[in-house]
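Structure at a glance
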Amino acid sequence: MLNSGPVSTMRKLFALAPLGALLLAACATTAPTEQEQAVIDTMNANSIVPASATERQAVRSQDVLTQAAFWAEAHELNPSDLEAALELSRTLRQLGNYQRAAEVARQTLALYPENADLLLAHGSALAAAGRGAAGVESLRRASQLEPGRWEIFNALGIALEQAGQSDAARGAFRSALTLSPGQPSILSNIAMSYVSSGDPDTAERMLREAMIRPGADATIRQNLALVIALQGRFDEAEEMARIDVSPQMAEANMAYIRSMLTTRRRYDAVREN
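Source: prediction; values computed, not measured.

Another aspect to go through is the packing of helix 15 (residues 234-241) against helix 16 (residues 247-261). Viewed as axis vectors pointing N to C, helix 15 and helix 16 meet at an angle of 145°, and their least axial separation amounts to 9 Å. Handedness of the helix 15/helix 16 crossing: right-handed. Of the residues in helix 16, those in contact with F234, A237, E238 and A241 of helix 15 are P247, A250, E251, M254, I257, R258 and L261. When grouped by side-chain class, the residues that make up the contact of helix 15 with helix 16 number eight nonpolar, no polar and three charged.

Encoded structure:
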């Protein structure tokens, strides 16, 4: 959720493809069918000398573009390579290519329909593209497969919020918080859900709590700056925003919020952004 300013942050949260027939059919089983396993085995057998485990580990310390190129090649050589698919989807999300990230995960799910990591990657990429409603099914399934992972429930909450299901979203966020008490990113997401419902006071209180937690980052501070601005305290908000963005960007964000608050759209405009 890290971005250059509070407006961009809101867009990414609420702005974070239906599964194809093949995937839906594959998901009906708990393990690959004999035919699917044969496809996996054939792909593995025909793969052109994949990168070694040492090479795969080493590339993780490289820049994201280098990682993306590496995993794209590995995925092209062997589409059944689960690690390559997961890493490629991850790096594509980091680069902002959310549609392709979701596509890679969706295609690989046809071979590994019960893999929670792939389901998480698929739903998260759709949410990042602002299509959270389409990612809810994958994220719900992931949460059923691995109910002890807070990050799955956190992603599910984002997707549900985008789908306009605020109550269900907060339920998912609270499940995540139960699994990881005090996690600042979860607290921030719950707070922004309250913002979209027109309750900035509760949102501010939760964001201030998130700010003092270990691991709190610039995203949370920018969200707090946004919430403060939505309450009309523009000087305070701009001063906080300038910690992470340029004075020009902070001023532009405040001008945008001022204009938004003069219209009838108010918090509806925040949800749409």
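Next up on the list: the pattern of salt bridges. Evaluation of the coordinates by the stated rule reveals 17 salt bridges. Across the pair D81 and R56 runs a salt bridge whose closest N-O atoms are separated by 2.4 Å. Separated by 25 residues along the polypeptide, D81 in the loop between helix 5 (64-77) and helix 6 (82-94) and R56 in helix 4 (residues 53-59) bring together distant segments of the chain. With a relative accessible area of 8%, R56 lands in the buried category. As a salt-bridge pair, R213 and E209 come within 3.0 Å of each other at their nearest N and O atoms. Residue class for R213 comes out partly exposed when judged on its relative accessible area of 32%. Three or more residues joined by partner-sharing salt bridges are found here, namely R56, R60, D81, E83, E87 and R90.

This part takes up the nonpolar core. L207, L230 and I257 are the most contacted members of the largest nonpolar core, which totals 53 residues. A per-element tally of this core places helix 14 (residues 218-230) first, with eight residues. Here this core spans two domains, since at least three of its residues come from each of domain 1 (51-148) and domain 2 (184-268). For L207, the contacting residues outside a window of four places in its chain are S188, A191, M192, I220, N223, L224 and V227. A74, A84, A85 and A125 belong to the second largest nonpolar core, which has 12 residues in total.

Quick look at the UniProt feature "repeat: TPR" (unreviewed entry) in the protein chain now. In this numbering, the UniProt entry assigns the feature "repeat: TPR" (unreviewed entry) to residues 82-115 and 150-183. Secondary structure across residues 82-115 divides into 74% helix and 0% strand, with the first and last C-alpha atoms of the span separated by 9 Å. Its end C-alpha atoms 9 Å apart, residues 150-183 is made of 79% helix and 0% strand.

Criteria and thresholds
Residues numbered from 1 in each chain as written. Predicted model: local features only at pLDDT ≥ 70, side-chain atom pairs only at ≥ 80, totals over all residues. Heavy atoms only, no water. Axes fitted to C-alpha atoms, helices over the stretch in contact; angles between N-to-C directions. Helix = DSSP H or I, 4+ residues; strand = E, 2+ residues; numbered from the N terminus. Left-handed = near helix turned anticlockwise from the far one by under 90°. Contact = heavy atoms within 4.5 Å. Nonpolar A, V, L, I, M, F, W, Y, C, P; charged D, E, K, R; others polar. Salt bridge = Lys/Arg side-chain N within 4 Å of Asp/Glu carboxyl O. Buried < 20%, exposed > 50% of the residue type's maximum accessible area, 1.4 Å probe, protein only. Core = buried A, V, L, I, M, F, W, Y, C linked by side-chain atoms within 4.5 Å. Domains from an automatic or database assignment. UniProt positions renumbered as here; feature names shortened; annotations may be inferred.

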